[in-house]
Amino acid sequence: MNRRKIINGLLILALATGLNAESYRVEAINMPGDVAPEVGDLDFTPEGELVVSLRRHGILMAKPNANPAAFDWRVFAADSLHNPTGLDVVSGSEVLVSQMQELTRITDTDGDGVADLYENVADDWGVTGNYHESIAITRDGGDGWYLAIGTASHNGPTFYHTRGEFAPYGRTGRNFAAGPWKGWIVHADAEGNITPFAKGFRAHNGIIRDPQGRIWATDNQGDWRGTSPLYHVEKDNFYGHPSSLIWDKNFTTNVFKDPLQLYIDDWDAYEAHRTPAAVEFPHGLMSNSPSEPIVIPTGNAFGPFAGQMLVGDIAGPRITRVMVEEVSGVMQGACVTLISGDIGGGNNRLVFSPDDSQLYVGQTFRGWTRNSADGLKRVSYTGETPFEMQNISITKTGFRLTFTKPVDESTLSRLSHYKAQSYWYKSHHNYGSPQMDVTELSVTSAQVSADGRTVNLTIPGIQPKRIVQFDLGEGLVAADGSTIGNPTICYTVRKLR
Amino acid sequence: MEYRLIPLAATGILLAGISVDADDAIIQQGRQTFSTYCAPCHGPEGAGLLAPNLTDAEVLHGESLAEITKIIGEGVPARSMPPWGGVMDDATIEATAHYVMSIMDDNLPSGMVATPDTTVTPFPFGSAEEPYVLRTFMPTMGVGDEVFPHHGNGMATPKYDAKGGTFNIEKMQDPIDGVPGGVTVNFGEALSYCFDTTECRLLYTWQGGFMDMTDYWGAGQGGQRKKFGYVPTVLGNMVWRADGPAEFNGTPRFRGYRKVEGAPEFFYEIGDYQITLLVTPSDEPGVAHCYYTVTDSSGQKRSFSRFLHQNIEEDSS
C-alpha cells in the first residue's frame, strides 16, 4: 500500500466515525435502453405498478423491484406524446395524461397490455407553438382536474397559425401568455369543460391537492419572480405574473388592455393586487427550479416528517422539505433541504411507493441546466432518524423550533447557535432579484422545553413580507452526538401572530 | 409561405463550382451529408455521441465501401439506425460512405455520452406492421392559409431584450411556420402523413423517410434544445398536400383515435357530422389510402375511401 492509499484510508475511517448514520439512501433505477429517460411524470397504479410518462416517448409501467437494475418494464402507450408532464393513473389499463395540446385518456381496451384508445378529454386552451407551455395536473378530489398551464418563453417563437386566439398584448415580455389560459390554473370537469380558477403564474411546473383539499403550486424564479415560490392557490386570486391577465376579460375591459405594461409602470398597484407566496425558496440556497410538491404520507415510513411537503429541484441536486402553518388567515411557512448531492438535478416529479417508505424521483432537465440528470431515482428511508429541525412555527415573540432528537438543555439554550437574518426578494419585470434589505436579527433568549426537543426563540424586529433565514451552529449537537444535517432554514413571514 | 424539406441530393450541388479533384469532391459531399444526417448520432467528427465511434479500430458492420454503403442505405433497425435509402439517392449514400472511410483511421477519443445499450436517436421510424405515431409540432410544408381557418393568427410583436428587460418596437419578431396540434404517423419508407387535430383534416403525406427530431429532441440522449424553434424537419419526398376549404362545413372537434392494426383511426366531429378517418399505405409508395365514415345528425352513416395521389411537383422539395 503506498502513502496516498494510506491517507485515503485514514480519511475514510475518520469520516465514517464522524458522520451521522445514513437516513436516506439514493439509488438509480435502470430504464430501457430504447427510450430517452426524460421523465414527464410518475404515478402508481392501484395494483402497485410504477407508471412513467416520458417527454419524447409514451408511457411505461413496471412493478418495482428491490434491485434497481431489475425493473421489468412494459410499454403501455407506444405512441410518442407531446411533452406529457401530468399523469393521473386510474388503473393498469387506463391513464390520463396532460400533453401540451390536450388532456388525453389512454386505455387498453382489449386487455393485451398496450393502449389502443387515445381520447381527447379536454383541450380548450391555446397552443402557440412555443416549447415552454407545459401542463401539470392534479385531481380535484372528485372526477375533474386542475391544470397548471405554463407561459411561453421568449427563447422560443410562436406560430403564424396558433390553436386558439392569439393576443398581441399577451405576446410581449420575457415569459408571455399569447394563447388562452397561459399562466393560469384552470379546472376541467369530467366532460372536459374548462373554467378558469386562478391566474398570475409563470412556469408553475408542479401542482397538488393535499389531503386537506388545499391546492398548492410551485413556480420558477424569473420575470415577476424574485425567487422561486410555493403558492397556496385559492380561486380567483392573482399570483403575480401579469401576462396571464390578458385572458381576464374583466381586467382588460375595466382596468387596462395591456396588463403587463400597466404593472411595469405601476409597481405599487401591482403589489396591491398580487397574492404572495406561502413559502419562498431563496435562489441558490433552497431551490432554483422547484417542480412538483408532494405531501409526505402519515406514519413514519419515510422518517419523522409526515404531513410536510417535499419539492424537487430541476436545476439543483436537491429535494427540499416544506413546513406550512396558518397564521392570521393565510398560509405561510419554511423550507429546508432534506436530500442533496447524490440525487442529482433534474428532479421533476415525485411519487411515494404504495407502502410510503420510498420516494421515486423522475428526472429531466432539457434546456434548463447542464448539471442535472435524466432518469429515475429512488430514495429509501433507512429507519435511522436524522437529526434535523423537524418543524418551525412563528410566535408572538419569535419562533419555536422543534428538533427530531432531544438536545441537552445547555446546548439548545446557547444563543450563539442561532444566527438569524431577514431579507426579501422583489417581484418585478426584471429577471429574479437580489436579496433586499438584508438585516441581521438578534436572538435574545432561548427557552428549552422539558423534553429537550423544542426551543422558543425571542427575536425582536421580525417584519412581515420578509424571509427569516436561520443558520444553526455546528455546535448544535443532539444528545446522541449526531450533528445537524441541514442547518439552514428559511421561513417566509407573510403575517405576524 | 416558406417551408423546409431536406433536399435529397442537394448536398452534391452545394459544392458545385468549387475547384477540387473528383475524389476530394466526393468526400466533401459525403462530409456535408454526414453533418446533416449522421452527426446527430455519431457526433460531428464521427467520434460517437449516441451511436458508436466510427474513427476507432472497432468495426461493427464492415469496413469496405460496399458494406458501409449497404449499412447507410438499409440501416440497422435493431440499433435504431434509420435506413437512409429512402432519403438519400445512391450517389449521396456512396459519397457518405467515402467520407466515413476517410475518417475510419483517425482514432479520435470516443464522444459517446449515452449508455452503450441505448438505441435512442432523433430519427424515429415505424413500419407497415408497427406504425409509429408522434404528437409534436409540425411544419406546414407549404399548406396554404386557407386550410387553417379555425386557427388563431399569430402576429409580429416587439422583440424582447432579455438584458434590458424591454421591448424593442424597432425589432419586431415574426412568428414562424408550424402546426401546433399535429398527429404524425410513419409506416416506414412507404408512407408518412400529418393530421391536424385543430382543423380535423389531413394536411400532407410524404414517403422515403420520416423526420429529423434533432431541433426538438436534441442530438443523442437527453440532448439540449438546439434551435429557437422546435419544429422537426421532414425527410423524404412530399407527395400530397391539402388545399382549398374543408370538405365539411362546421366547427371541428377532435375526439381522439383508436388503433386499427397499429394505425390510428381518428374520430372527430365537424359541425353535425361525426367522422372517422383511417389512413394506410396503398400498394403504390407514397400514396395514402383514406377510409372515411361519415354519420350525419339523423344517424345516417356512409363510408367511402380515396387514394391521395401525388399532387406536388417533385422539384418543390
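Since this is a predicted model, take the numbers as computed values, not measurements.

**Concerning the overall build of chain A**
Point 1. Counting its secondary structure elements, chain A contains 6 helices and 35 strands.
Point 2. Here the C-alpha atoms of chain A give a radius of gyration of 23 Å, agreeing with the 23 Å that 2.2 N^0.38 yields for 497 residues.
Point 3. Taken along its principal axes, the extent of the C-alpha atoms in chain A is 70 × 55 × 45 Å.
Point 4. By the burial criterion, 64% of the 497 residues in chain A qualify as buried.
Point 5. Considering only residue pairs separated by 6 or more positions, chain A has 59% of its internal contacts joining residues 24 or more positions apart.
Point 6. Looking at chain A as shown, the accessible area adds up to about 17600 Å², and 48% of this sits on carbon and sulfur atoms.
Point 7. The centroid of the 42 positive side-chain charges in chain A is displaced by 7 Å from the centroid of its 56 negative side-chain charges.

**Observations concerning helix α3 (residues 65-74) of chain B**
All names here are of chain B.
Point 1. Taken together, the buried positions of α3 are I68, I72 and G73. Projected down its long axis, α3 shows its buried positions confined to an angular sector of 130°, all on one face.
Point 2. Looking at the packing, one finds that the buried side of α3 touches α4 (90-103).
Point 3. Phi turns positive one or two residues past the end of α3, at G75, with a value near 75°.

**Here we look at a negative patch on the surface**
Point 1. On the surface, E45, E63, E67, D105 and D106 of chain B cluster together into a negatively charged patch.
Point 2. Tracing the backbone shows E63 of chain B in the loop between α2 (22-42) and α3.

**Remarks on the side chain of D140 of chain A**
All names here are of chain A.
Point 1. Residue position: D140 is located in the loop between β10 (135-139) and β11 (145-149).
Point 2. For the buried D140, no salt bridge is present, and the opposite-charge side chain at shortest range is R139, 5.8 Å distant.
Point 3. Within the structure, D140 has its side chain in polar contact with the side chain of H187 (distance 2.7 Å).
Point 4. The residues contacting D140, other than those within four sequence positions of it, are W145, Y146, H187 and R209.

**Brief notes about the pattern of salt bridges**
Point 1. According to the stated counting rule, one finds 25 salt bridges over all chains in the structure shown.
Point 2. Ionic pairing is found between E49 of chain A and R74 of chain A, a salt bridge with its closest N-O pair at 3.0 Å. With a gap of 25 residues between them, E49 of chain A in the loop between β2 (39-44) and β3 (50-54) and R74 of chain A in strand β5 (residues 74-77) connect regions that are remote in the sequence.
Point 3. For E49 of chain A, a relative accessible area of 16% puts it in the buried group.
Point 4. Put simply, E102 of chain A and R135 of chain B hold a salt bridge, and the shortest N to O gap is 3.2 Å. One end of the pair, E102 of chain A, is in the loop between β7 (94-98) and β8 (103-107); the other, R135 of chain B, is in strand β2 (residues 132-138), on a second chain. For the pair formed by E102 of chain A and R135 of chain B, the shared burial category is buried.

**Looking at the pairing of strand β27 (residues 375-381) of chain A**
Consecutive residues of a regular strand have side chains that alternate between opposite faces of the sheet.
Residues and elements named next belong to chain A.
Point 1. Counted residue by residue, β27 has 7 buried out of 7 residues, so it is predominantly covered.
Point 2. Side chains of β27 alternate between two faces, with G375, K377, V379 and Y381 and L376, R378 and S380 buried alike.
Point 3. The sheet contact formed by strand β26 (residues 358-363) and β27 spans 6 bridges and is antiparallel. When the bridges of β27 are listed, Y360 appears paired with R378.

**Comments concerning the domain arrangement of chain B**
A common way to state how big an interface is: give the accessible area lost once the parts meet.
All names here are of chain B.
Point 1. Per the domain assignment, the segments of chain B are domain 1 (5-103) and domain 2 (132-316).
Point 2. With 13 residues of domain 1 in contact, the opposing surface of domain 2 contributes 15 residues.
Point 3. Carbon and sulfur atoms make up 70% of the area that domain 1 and domain 2 hide from each other, which totals about 1000 Å².
Point 4. Taken together, domain 1 and domain 2 are joined by 0 salt bridges.
Point 5. Summed over the shared surface of domain 1 and domain 2, the result is 0 residue pairs in polar contact (both at pLDDT 80 or more).
Point 6. Those elements that provide at least two residues to the side of domain 1 that touches domain 2 are β1 (5-6) and α2.
Point 7. A breakdown of the residues in the side of domain 1 that touches domain 2 according to their chemical character gives 10 nonpolar, 3 polar and no charged.

**What about unusual backbone geometry?**
Point 1. Here the phi dihedral of N107 of chain B falls at roughly 50°; this positive angle occurs in a residue that is not glycine.
Point 2. Among the structural elements, N107 of chain B can be located in the loop between α4 and β2.

**Some words on the interface of chain A and chain B**
Point 1. Taken residue by residue, the interface counts 55 residues in chain A and 58 residues in chain B.
Point 2. Between chain A and chain B lies a buried interface of about 4800 Å² when both sides are counted; carbon and sulfur atoms form 53% of it.
Point 3. In terms of surface lost to chain B, no three residues of chain A exceed R56, Y160 and H161 of chain A, which account for 17% of the buried area on that side.
Point 4. Scanning the region where chain A abuts chain B turns up 3 salt bridges.
Point 5. Between the two partners, chain A and chain B, sit 21 residue pairs in polar contact (both at pLDDT 80 or more).
Point 6. Looking at the side of chain A that touches chain B, the elements with two or more residues in it are β9 (117-122), β13 (161-162), α2 (168-171) and α4 (259-265) of chain A.
Point 7. It is β9 of chain A that contributes the most residues to the side of chain A that touches chain B, 4 residues altogether.
Point 8. Considered class by class, the residues forming the side of chain A that touches chain B number 19 nonpolar, 22 polar and 14 charged.

Cut-off values and rules
- Residues numbered from 1 in each chain as written.
- Chains lettered and ligands numbered in written order.
- Predicted model: local features only at pLDDT ≥ 70, side-chain atom pairs only at ≥ 80, totals over all residues.
- Heavy atoms only, no water.
- Helix = DSSP H or I, 4+ residues; strand = E, 2+ residues; numbered from the N terminus.
- Rg over C-alpha atoms; globule rule 2.2 N^0.38 Å.
- Buried < 20%, exposed > 50% of the residue type's maximum accessible area, 1.4 Å probe, protein only.
- Contact = heavy atoms within 4.5 Å.
- Areas by Shrake-Rupley, 256 points an atom, 1.4 Å probe, with all protein chains shown as cover.
- Lys, Arg positive; Asp, Glu negative; His and termini not counted.
- Charge placed at Lys NZ, Arg CZ, Asp CG, Glu CD.
- Arc of directions from axis to C-beta.
- Patch = residues over 30% accessible without salt bridge, like charges linked within 9 Å, V, L, I, M, F, W, Y side chains within 5 Å.
- Salt bridge = Lys/Arg side-chain N within 4 Å of Asp/Glu carboxyl O.
- Polar contact = N/O pair within 3.5 Å; in protein donor to acceptor, adjacent residues only side chain to side chain.
- Pairing = 2+ DSSP bridges.
- Domains from an automatic or database assignment.
- Buried area = accessible area lost by both parts, 1.4 Å probe.
- Nonpolar A, V, L, I, M, F, W, Y, C, P; charged D, E, K, R; others polar.

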